[in-house]
Amino acid sequence: MKLEDILEMPRSSCPVKEIVKAQFMDRLAKQKRAVLFGAGSGGIRVYEFIQKNIPGGGNLVKCFVDNNPRKHYTELADKRILPPHEVFAEYDEELVVISCGEGDEIIQQLAELGIPE
């Protein structure tokens, strides 16, 4: 089920948050590897959610990605923070999780880098 389908369902028959959460966890558990795009408060919240809800979840996150050059090559939650061009040259099979507020801009940037849906 796509997010668009969920959003079109009547509110009373759809606990959206739980459905999206379950789909995210299922996809991440199947993918087994992820990078989090956004190394700020959103990134740390997503990382902590993964750690809390998926056994060994912290090991599924390979690194953080961020556009802020001041964060590049530092660490957050014991994971490297890398610039996008380096991450997607090194990690090409990971689930990319947008964990910042600029989702539309990041989606466009990922498309320009050749990252599929």
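Our subject is the structure that appears above.
A. Local environment of the pattern of salt bridges. What the rule picks out here adds up to three salt bridges. Note that Asp26 and Lys30 form a salt bridge whose closest N and O atoms lie 3.2 Å from each other. Of this pair, Asp26 and Lys30 both sit in helix H2 (residues 16–31), four residues apart, which is roughly one turn of that helix. Relative accessible area serves as the criterion here: at 39%, Asp26 is assigned to the partly exposed category. A residue is classified by how much of its surface remains accessible, and Lys30, at 63% relative accessible area, is exposed. Lys71 is the partner of Asp66 in a salt bridge, and the nearest nitrogen-oxygen pair spans 4.0 Å. For Asp66, a relative accessible area of 10% gives the class buried.

B. Geometry of unusual backbone geometry. Unlike most non-glycine residues, Lys32 shows phi in positive territory, near 70°. Note on placement: Lys32 falls in the loop between H2 and strand S1 (34–37). Positive phi outside glycine occurs at Ala77, with the angle close to 55°. Within the element layout of this structure, Ala77 appears in the loop between strand S3 (75–76) and strand S4 (79–82). Relative accessible area serves as the criterion here: at 28%, Ala77 is assigned to the partly exposed category.

C. The arrangement of the pairing of strand S5 (residues 95–98) in detail. Going residue by residue along S5, you find Leu95 and Val97 tucked away on one face and Val96 and Ile98 left uncovered on the opposite face. The sheet contact formed by S1 and S5 spans four bridges and is parallel. When the bridges of S5 are listed, Val35 appears paired with Val96.

D. Fine view of helix H6 (residues 103–112). Within H6, burial applies to Ile106, Gln109 and Leu110. Relative to the axis of H6, the buried residues are bounded by an arc of 100° and lie together on one face. Structural note: H6 exposes Asp104, Glu105 and Glu112 on the side pointing more than 90 degrees away from its buried face. Turning to H6, the residues buried within the fold contact S1, helix H5 (84–90) and S5. Positive phi shows up at Gly114, right after H6, with a value of about 85°.

Conventions we followed
- Residues numbered from 1 in each chain as written.
- Predicted model: local features only at pLDDT ≥ 70, side-chain atom pairs only at ≥ 80, totals over all residues.
- Heavy atoms only, no water.
- Salt bridge = Lys/Arg side-chain N within 4 Å of Asp/Glu carboxyl O.
- Helix = DSSP H or I, 4+ residues; strand = E, 2+ residues; numbered from the N terminus.
- Buried < 20%, exposed > 50% of the residue type's maximum accessible area, 1.4 Å probe, protein only.
- Pairing = 2+ DSSP bridges.
- Arc of directions from axis to C-beta.
- Contact = heavy atoms within 4.5 Å.

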